[in-house]
Amino acid sequence: MRKQKIILAIAAAGALAGVAHAQSARDYISIVGSSTVYPFSTTVAEHFGKANAKFKTPKVESTGTGGGFKLFCGGVGVQYPDISNASRAIKKSELENCAKNGVAEIVEVKIGFDGIVIASSKKTKPMALTRKDLWLALAKEVPEPGTGKLTANPFKTWKDVNPELPAHKIEVLGPPPTSGTRDAFVELVMDEGCKDFPAIKELEKSDGKKAKAACGAIREDGAYIEAGENDNLIVNKLVSNLNALGIFGFSFLEENLDKIQGEAIDGVPPTFENIAAGKYPVSRPLFFYVKKAHVAVIPGMKEFIAEFVSQKASGNEGYLSNKGLIPLPKDQHTQVAADANGLKTLAP
Amino acid sequence: MNSLDDSAALPPPSRDIKTIVNAGLKRRHAAERRFRWFGLAAISLGLAFVVLMFANIIGKGYPAFWQTFIELPVAFDPAVIDPEGRRDPKALADADYAALIRASLRGLFPRVEGRRDLRELYGLVSSNAPFRLRGQVLDDPALIGATRSVWVLASAKVDTLIKGNINRTLDESLRPISDQEIAWVDRLIADGRLEQRFNTILFGNGDSREPEQAGIRGALMGSFYTLLITFLLSFPIGVATAVYLEEFAPKNRWTDLIEVNINNLAAVPSIVFGLLGLAVFINFFGLPRSAPLVGGLVLSLMTLPVIIIAGRAALTSVPPSIREAALGMGASKLQMVGHHVLPLAMPGMLTGSIIGMARALGESAPLLMIGMVAFIVDVPRGFTDPATVLPVQIYLWADLPERAFVERTSAAIMVLLGFMILMNGLAIVLRKRFERRW
């Protein structure tokens, strides 16, 4: 019994000592944030770890953009992450939260673009969709033809939306509201698609907030199916359901070109070239944010940033483009790289 | 006639019951048969789903245990590896081994020209090939200057093609591999420079973003450390709690309350324990995120009620006569428990704990909250190193765009299922061998 007690005590002391050690010095970079940036961030982390034997490979957590900023803005110190990935720019409220917790100096690095594609099975005929069609098909409330008053969305098939489209049932598989991809889809497709309707315009004049809510609300009567965060799942469902459309990131389209096709939006098909040139309307910039106060404390931060913004990683033919990242235009990339390496902070 | 009619109208009572029984018998038999059919149908349906699931997973995951390798004649050119000729290990480590691979591929396919085509050619070989050459040179510097044939890992693209997961008949623009890449691979096959071997990388490597280099070693070690903490904490505490509650505690309102709470805790959704762990261990105690230590603590909170309940059941199944005999021989209460009751209850307790541990091994939801959903390349070497666990690794791989991760996901599921079956089997063996019945 006595012996057991001693062993237990030693084990407990050892565990505590280990904890204390881990807290006083973290020797690896801790990255959190967007699941969209995760595939790119991890690739850079792995290259960085392999190329620099003296640094450990960074740890990358997939927490979602908002969750990432919450952790990132928790404070300064080794228990808080050093870098947060984001599929949108940091919000003002998040910056304020950061400042409140003493995280004042933040470096913003734009790494490239991600296209959001609306895809269908290869076996069906492509549809020429516009953002207006998509809004009419997916909005919770649409203007009534005669009066222009907003009523619950009556459309059942694409033909109801636009006579030129086929008479397929409207069935769109997309991400749930917690997803950054959903936010971007609402912002880039729904908010744009609703603009030209007089009813929305009037609402805009009287109550901007209400207009925004009316534009962004997605119908909940089964035409839009929340398919979870797993994009592979949506791809599989498209293959078995010929009439369905799916919404996901460009890299999944690129990997599955033999099974699915991306629909052209406003006449522009989602190709690498179109997204890189800024012609494809549904694309968004991707970022990562660096806590400047940590750069001097955590080993390898400067080198990691340099690796991420280097030509061979996020440049025009860099290894991230093989993973589906759409790189920045050349001059912008050079500027971003210079700012990132110089640790230029965001204006408070 | 009349009298006969009368006797038929009033049959003896015994015959009456018989007819009633006979009339109902058919219906009752039918009901019984129907019930049996329903049961059989339910079991066959269940079995069919299990078979379907296993067939699907094994069918998808089996190829992941094989990996394509390419043989390259590599000239260990001193001008590239060690231009100064000093054999300085640091210089050897920093040399550009990718250049050797590139030169070798150009040697095999001398007619390939142009930046784009060359890039495609170099893409046949995995990006870890240069590191393999570096390892060989560092092990044996005498290689410098020699030409050796080296088997290097093929890229995931080539591997997927060899495994038949890319349809060659499709139009070039629709498949991830181009016509000339297929021609090169066919050349390599014809020359005998391409072969499939058992995939040791899957078991030897940590995670990677390149499918051909990704392995489950990191996740396995993470699971091991996490479960070790869980076992070390939950088994002694669980057993002690069960013994105290069953043998020592007075039966009053307080112990009733505790019992109800323990039973309720066993049914709490596991994600709640994750939230608790985040609030208590990470935010309050300041333990590191993503560490097996915290994972183990959270999972032991989850496993404790299971072990306590199993432990108490095992203790109650020990007949009271044994307790009375021990007490009658003058043993103290602690001696009675320690010498007689606990050893007899131990197999049942161990079985319960193993089943609890198997549940903890398959758990991923509470670990999402404490940062164990992370990309970690380095295999963890301690309780505070960042780590992930097997079910979380499966979750992460299932979400990646690369086609080649599909088979790896299934392979990881097979490994996880293997461990589950092993642990449950162990529990059954323990029960069959050591459990005593009275």
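Summarise the overall build of chain B; cite the residues concerned and give the values.
A count of helical and extended segments in chain B gives 19 helices and 4 strands. Whereas a compact globule of 438 residues would reach a radius of gyration of roughly 22 Å, chain B reaches 33 Å, over 25% beyond that. Taken along the three principal axes of its C-alpha coordinates, chain B extends 120 × 80 × 40 Å. Counting across all 438 residues of chain B, residues that qualify as buried make up 44%. A sequence separation of at least 24 residues applies to 77% of the contacts in chain B between residues at least 6 apart.

Quick rundown of the overall build of chain A? Include the residues and the values.
If you tally the helices and strands in chain A, you get 17 helices and 11 strands. Principal-axis analysis of the C-alpha atoms places the extent of chain A at approximately 80 × 55 × 45 Å. The burial tally for chain A puts 52% of its 348 residues in the buried class. Sequence separation of at least 24 residues holds for 71% of the intrachain contacts in chain A that already meet a minimum separation of 6. When the accessible area of chain A is evaluated, it comes to approximately 15,700 Å², of which 57% is carbon and sulfur surface. Computed over 43 positive and 39 negative side-chain charges, the inter-centroid distance for chain A is 6 Å.

Describe the domain arrangement of chain B, with residues and values.
Residues and elements named next belong to chain B. The assigned domain composition of chain B is domain 1 (67-199) and domain 2 (217-434). With centres defined by C-alpha atoms, the gap from domain 1 to domain 2 works out at 46 Å. Contacts between the two partners involve 7 residues from domain 1 and, on the opposite side, 4 residues from domain 2. Each partner contributes to the roughly 360 Å² buried at the junction of domain 1 and domain 2, and carbon and sulfur atoms together form 32% of this total. It is Thr160, Lys163 and Asn165 that lose the most area in domain 1 upon contact with domain 2, and together they represent 59% of the buried surface on that side. At the junction of domain 1 and domain 2, the tally comes to 1 salt bridge. Taking the shortest distance from any N to any O, the salt bridge between Lys163 and Glu407 comes out at 2.8 Å. The tally of links from domain 1 across to domain 2 stands at 2 residue pairs in polar contact (both at pLDDT 80 or more).

I'd like to hear about helix α7 (residues 129-139) of chain B, residue by residue, with values.
Within α7(B) the residues assigned to the buried category are Ala129(B), Pro130(B), Leu133(B) and Val137(B). Angular distribution of buried residues about the axis of α7(B) spans 100°; they occupy a single face of the element.

Just give me the short version of the sheet that holds strand β3 (residues 194-198) of chain B, but keep the residues and values in it.
All names here are of chain B. On the basis of which strands lie adjacent, the open sheet formed by 3 strands has the order β2-β1-β3 and antiparallel pairing. Every interior strand has two partners, whereas the edge strands, β2 (147-153) and β3, have only one. When the angles between neighbouring strand axes are averaged without regard to direction, this sheet yields 40°. Here 7 bridges tie strand β1 (residues 66-75) to β2, and the two strands are oriented antiparallel to one another. If you follow Pro73 over to β2, its bridge partner there is Ser149. Sitting on the sheet, helix α5 (residues 97-108) is in contact with β1 and β2, with an inclination near 90° to β1.

Provide a residue-level description of the nonpolar core, including the pertinent values.
If you look at soluble globular proteins, the nonpolar side chains tend to sit buried side by side. The biggest cluster of nonpolar side chains holds 136 residues, and the ones touching the most others in it are Leu129(A), Trp135(A), Trp158(A), Phe248(A) and Phe304(A). Sort the elements by how many residues they give to this core and helix α19 (residues 405-434) of chain B lands first, with 9 residues. Leaving out residues up to four positions away in the same chain, Phe248(A) has contacts with Gly115(A), Ile116(A), Val117(A), Ala119(A), Asp231(A), Ile234(A), Val235(A), Leu238(A), Leu253(A) and Ile260(A). Val74(B), Tyr97(B), Ile177(B) and Leu188(B) belong to the second-largest nonpolar core, a separate cluster that totals 35 residues.

Could you give an account of the environment of Pro288(B), with specific residues and numbers?
By the secondary structure assignment, Pro288(B) is in the loop between α13 (270-284) and α14 (292-316). Considering only alpha carbons, one finds Pro288(B) and Ala48(B), 240 residues apart in sequence, at a separation of 44 Å.

Explain the interface of chain B and chain A to me, using residue names and the numbers behind them.
Contacts between chain B and chain A engage 36 residues on the former and 35 residues on the latter. Seen at the junction of chain B and chain A, the total is 4 salt bridges. A salt bridge links Lys323(A) to Glu210(B); its shortest N-O distance comes to 3.6 Å. Taken together, chain B and chain A are joined by 18 residue pairs in polar contact (both at pLDDT 80 or more). Of all elements in the fold, only α6 (115-122), α7, β4 (374-375) and α18 (390-398) of chain B reach the threshold of two or more residues within the side of chain B that touches chain A.

Describe the state of the cysteines, with residues and values.
All names here are of chain A. A full pass over the atoms with the stated rule returns 2 disulfides over all chains. What pairs with Cys73 in a disulfide is Cys98, and their sulfur atoms sit 1.9 Å apart. Between Cys73 and Cys98 the disulfide shows an S-S torsion of about -70°. By sign, it is left-handed. Here Cys73, found in the loop between α3 (65-72) and β3 (83-86), pairs with Cys98, found in helix α4 (residues 92-100); they are 25 residues apart in sequence, far enough to count as distant. Accessibility assignment for this pair places Cys73 and Cys98 in one class, buried.

Tell me about the domain arrangement of chain A, residues and numbers included.
Residues and elements named next belong to chain A. Here chain A is partitioned into domain 1 (27-113 + 285-341) and domain 2 (115-283). For domain 1 versus domain 2, the distance between C-alpha centres works out to 30 Å. Across the contact, 10 residues belong to domain 1 and 10 residues belong to domain 2. Interface area, domain 1 with domain 2, both sides summed: about 750 Å², of which 60% is carbon and sulfur. Together, Phe113, Gly324 and Ile326 form the three largest contributors to the area buried by domain 1 at its contact with domain 2, with a combined 50%. At the boundary of domain 1 with domain 2, the tally comes to 0 salt bridges.

Can you tell me about the packing of helix α8 (residues 198-206) of chain A against helix α9 (residues 208-216) of chain A, naming the residues and giving the values?
Residue and element names in this part refer to chain A. Look at α8 against α9: their axes get within 6 Å of each other, and the N-to-C directions meet at 145°. Taking contact as the criterion, the partners of Ile200, Leu203, Glu204 and Ser206 in α8 are, on α9, Gly208, Lys210, Ala211, Ala214 and Cys215. Considering only residue class, the contact of α8 with α9 consists of 5 nonpolar, 2 polar and 2 charged.

Hey, could you go over the side chain of Lys163(B) for me, with residue numbers and the actual values?
Residue and element names in this part refer to chain B. With respect to the helices and strands, the residue Lys163 is situated in the loop between α8 (156-162) and α9 (179-190). Assessed through its relative accessible area of 17%, Lys163 is described here as buried. Separated by 2.8 Å, the side chain of Lys163 and the backbone oxygen of Trp66 make a polar contact.

If you had to explain the packing of aromatic side chains to someone new, which residues and values would you point to?
Overall, the coordinates contain 16 aromatic pairs over all chains when judged by the stated rule. Ring centres 5.7 Å apart and planes at 5° place the aromatic pair Phe48(A) and Phe55(A) in the stacked group. There is no split in this pair, since Phe48(A) and Phe55(A) are both buried. Centroid distance Trp66(B) to Phe198(B): 5.9 Å. Interplanar angle 85°. Geometry classified as edge-to-face.

Calculation criteria
- Residues numbered from 1 in each chain as written.
- Chains lettered and ligands numbered in written order.
- Predicted model: local features only at pLDDT ≥ 70, side-chain atom pairs only at ≥ 80, totals over all residues.
- Heavy atoms only, no water.
- Helix = DSSP H or I, 4+ residues; strand = E, 2+ residues; numbered from the N terminus.
- Rg over C-alpha atoms; globule rule 2.2 N^0.38 Å.
- Buried < 20%, exposed > 50% of the residue type's maximum accessible area, 1.4 Å probe, protein only.
- Contact = heavy atoms within 4.5 Å.
- Areas by Shrake-Rupley, 256 points an atom, 1.4 Å probe, with all protein chains shown as cover.
- Lys, Arg positive; Asp, Glu negative; His and termini not counted.
- Charge placed at Lys NZ, Arg CZ, Asp CG, Glu CD.
- Domains from an automatic or database assignment.
- Buried area = accessible area lost by both parts, 1.4 Å probe.
- Salt bridge = Lys/Arg side-chain N within 4 Å of Asp/Glu carboxyl O.
- Polar contact = N/O pair within 3.5 Å; in protein donor to acceptor, adjacent residues only side chain to side chain.
- Arc of directions from axis to C-beta.
- Pairing = 2+ DSSP bridges.
- Axes fitted to C-alpha atoms, helices over the stretch in contact; angles between N-to-C directions.
- Core = buried A, V, L, I, M, F, W, Y, C linked by side-chain atoms within 4.5 Å.
- Disulfide = S-S within 2.5 Å.
- Nonpolar A, V, L, I, M, F, W, Y, C, P; charged D, E, K, R; others polar.
- Phe/Tyr/Trp six-rings, centres within 6.5 Å; stacked < 30°, edge-to-face > 60°.

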